[in-house]
Amino acid sequence: MTKRLVQGNEAVLLGAIKAGASHFAGYPISPSSEILAQASVYASKHPEFHFLQEEDEIASANAILGASLAGAKSFTATSGPGFSLMQEAIGYGHKVGIPCVIVNVMRVGPATGMPTMPGQGDLNQTRYGSTGDYTSFVFYPSTVAECYEYTIHAFNAAEETRSPVIILSDAFLGHLNEVADLDTIDVPVVPRTIEPLASGGTRLFSGVATYADGEPATADADEYIRQYRESRDQRLKVAEKYAFYEYGWNKDAETLVIAFGITRRIAQPLAPHFALFRPIRIWPTLDRELTEIAARYKKIIVIEGSDGQYANVVERMLLRRVERVPLLGGRMSLEAIREGLDAIGMLPAQPAPSGSESPARVG
Amino acid sequence: MAVKDKLKTDLFPTIWCPGCGIGLIMAQLATVMDELGLDKNNTVLVTGIGCTGRMGAYMNFESVYTLHGRTLPVAEAIKMVRPELHVLVVSGDGDLASIGGNHLLHSIRRNPNITVLCNNNEIYGLTGGQTGPTTPQGTNTISSPAGATYTPINLQGVVNTNPNAYYAKTTVYHQGAMKKAIREAIEWPGFSFVDIASQCIENNGRRIGFASANDMLQSYRTEYKAAPPGTTHLEPHQTGIIKGQPLPVAGTARSGNGSGE
């Protein structure tokens, strides 16, 4: 039991180490750089932990694929622009079936954008950033303690799905210092699920469509569909074990607020006036859970740090209109939320008292 | 073990065009692997995209057929995690020197103990014959109808930015020299690069006036001359080996803070 101040980015690193990670490859980028810097410090004291500052994010993402195939649990950390550069490698990880973890501490994009300001505009990129069809696993914690906890889950899910799993964070959460006792967080660790390279076989790990014997299957639709469905179905089945969300606040209210990551924390003073649904697993979406909960409410408001990326998902999922409070340009504050609510005529009449409850979670 | 045990001969014939030079490299590589005792338990192949990348599929080893240009970060990471393994990169000039050029610059700088075999056919063969980073200036390709505009990349110069690296220039015609270079490169403690001139008759040679693969091989015989012993810089169309100062203990840096092994 050691309560101390922990930073969000540090908690991610500690979670990775707890999960058994032994290989970090990365490239400096705000606001994720503390993870890289602290990984280098850890590596300097723990020779079994490999650290390499790469020449770019393309190298970083490909390096963690190679490290994982070689036998190490591996990870990298980046932000939007670097995450964009990693997309092809993420697709390779999905195609070949390589467990690894990518941390994306979101800032405001597109392009170089606003490097030190928080954003939530990479949700679609985590789902659709690479080419073709694949099944992404993405978790987005809300507290420093959760950064630790869900990083362990991310490594576990990566092993179980044999795919690159993404932890989302943001400039606020990554740089947030909170008192936490990480020793009290106990998540069982899933061991490696792939046989390391040079274990006596002659496997071909190929981003090109191939049959089991390594021959090209580059014009065989039936084989493509068989392999794709097999991996999709396997990953969706694993998803049932990782259905993380929070449902709370004033459940008797008429309106359900959907907010996640740091936005849920900022919106906390609205607790008396609204019910809350917070997806922690962003992808695959929590269709069953959200559909059931949303049916109890007359209105739904999605508050998020993008111009409707998650609101669009909810509308398509529920086939009903949702209200939107987009927090843009890094202006993620209670004041901005109130202005957004006012603009859609949903601002509570009474000034809401500031709440201090801790997030409650399910899953 | 026989040399043919290094190959998945049941997958033959290969996808390579008749007359392609890649098979000549694979045959010598398999021979050297047999001589040095490289097997599926101690060796991993990392290949890139391009015709050469298919080599991993035809050899009895674990192999990683990476994304286009990304052999080196993958190979370096494998070597970091498993320093006891021989890690061999086999790819083409387009994959290594163009799309993967930044990785080449930086892998060389870090001096990982890996070996790179570069099938240098001076063309993008798999995509039909476009100008590559090694295409000689003036060459007619399907993307340079008036002749390639720029001078080719200086691979020797790039590799030799690392004073501890091994660089060899050879050709598929010079089988004995190529075999020696592959063997020395695998045994070299640190980064080693074998730059192998190799013919692509179908998507390069015929367009530039060669009637057959044999004519291209004969041109290697007549155009390339062995550099005299002690040469420290190879001229164009010279074959030879430039050895840096081998580090006493080779390995991949374990820490980005400079604490190499």
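Predicted model, so just to flag it, every value in this text is computed and none were measured.

### What about the interface of chain A and chain B?
Facing the 41 residues of chain A at the interface are 37 residues of chain B. Interface area, chain A with chain B, both sides summed: about 3,400 Å², of which 57% is carbon and sulfur. The three residues of chain A that bury the most area against chain B are Glu 55, Ala 198 and Thr 202 of chain A, which together make up 18% of that side's buried surface. Taken together, the links from chain A to chain B amount to four salt bridges. A salt bridge links Arg 54 of chain B to Glu 215 of chain A; its shortest N-O distance comes to 3.9 Å. Inspection of the region where chain A meets chain B yields 18 residue pairs in polar contact (both at pLDDT 80 or more). Broken down by secondary-structure element, the contributors of at least two residues to the side of chain A that touches chain B are strand E3 (50-53), helix H3 (57-70), helix H5 (87-96) and strand E10 (204-206) of chain A. The element best represented in the side of chain A that touches chain B is H3 of chain A, accounting for eight residues. Residue composition of the side of chain A that touches chain B, grouped by class: 19 nonpolar, 15 polar and seven charged. By the bridge criterion, three bridges tie E10 of chain A to strand E2 (residues 62-65) of chain B in an arrangement that is parallel.

### Side note on the sheet that holds strand E16 (residues 323-326) of chain A
Residue and element names in this part refer to chain A. With mixed pairing, the five strands of this open sheet are ordered in space as E11-E13-E12-E15-E16. Among the strands making up the open sheet, the edge pair consists of strand E11 (245-249) and E16. Within this sheet the neighbouring strands show an average axis-to-axis angle of 20°, counted without direction. Pairing analysis gives four bridges linking strand E15 (residues 299-304) to E16, with the strands arranged parallel. Bridging across to E16, Val 302 finds its partner in Arg 324. Here helix H11 (residues 287-294) sits on the sheet and contacts E11, strand E12 (255-258), strand E13 (275-279) and E15; the angle it forms with E12, its principal contact strand, is near 150°.

### Structural notes on the domain arrangement of chain A
All names here are of chain A. Looking at the assigned domains, one finds that chain A contains domain 1 (4-184) and domain 2 (244-343). For domain 1 versus domain 2, the separation of C-alpha centres amounts to 25 Å. The junction of domain 1 with domain 2 conceals about 2,200 Å² of combined surface from both sides, 60% of it contributed by carbon and sulfur atoms. On the domain 1 side of the interface with domain 2, the three residues burying the most area are Gln 120, Leu 123 and Ser 142, jointly 28% of the side's total.

### Section: unusual backbone geometry
Along the chain, Ser 30 of chain A connects to Pro 31 of chain A via a cis peptide bond; the corresponding omega equals 0°. Here Pro 31 of chain A lies in the loop between strand E2 (21-26) and helix H2 (33-45). Cis geometry marks the peptide bond from Gly 109 of chain A to Pro 110 of chain A; its omega dihedral reads 0°. Structurally, Pro 110 of chain A can be placed in the loop between strand E5 (100-108) and strand E6 (114-118). For Ala 198 of chain A, which is not a glycine, the phi torsion comes out positive at approximately 60°. A relative accessible area of 8% means that Ala 198 of chain A is categorised as buried. In the Ramachandran plot, Glu 122 of chain B falls in the positive-phi region, its phi being about 60° despite a non-glycine side chain.

### A short note on the sheet that holds E2 of chain B
With respect to topology, nine strands assemble into an open sheet ordered E10(A)-E2(B)-E1(B)-E3(B)-E4(B)-E6(B)-E5(B)-E8(B)-E7(B), the strand pairing being mixed. Each having just a single partner strand, E10 of chain A together with strand E7 (225-226) of chain B make up the two edges of the open sheet. Of the pairings in the sheet, the one linking E7 of chain B to strand E8 (residues 238-243) of chain B comprises two bridges and is parallel in character. Each residue of the ladder has a partner; that of Ala 226 of chain B, found in E8 of chain B, is Thr 239 of chain B.

Calculation rules
- Residues numbered from 1 in each chain as written.
- Chains lettered and ligands numbered in written order.
- Predicted model: local features only at pLDDT ≥ 70, side-chain atom pairs only at ≥ 80, totals over all residues.
- Heavy atoms only, no water.
- Contact = heavy atoms within 4.5 Å.
- Buried area = accessible area lost by both parts, 1.4 Å probe.
- Salt bridge = Lys/Arg side-chain N within 4 Å of Asp/Glu carboxyl O.
- Polar contact = N/O pair within 3.5 Å; in protein donor to acceptor, adjacent residues only side chain to side chain.
- Helix = DSSP H or I, 4+ residues; strand = E, 2+ residues; numbered from the N terminus.
- Nonpolar A, V, L, I, M, F, W, Y, C, P; charged D, E, K, R; others polar.
- Pairing = 2+ DSSP bridges.
- Axes fitted to C-alpha atoms, helices over the stretch in contact; angles between N-to-C directions.
- Domains from an automatic or database assignment.
- Buried < 20%, exposed > 50% of the residue type's maximum accessible area, 1.4 Å probe, protein only.

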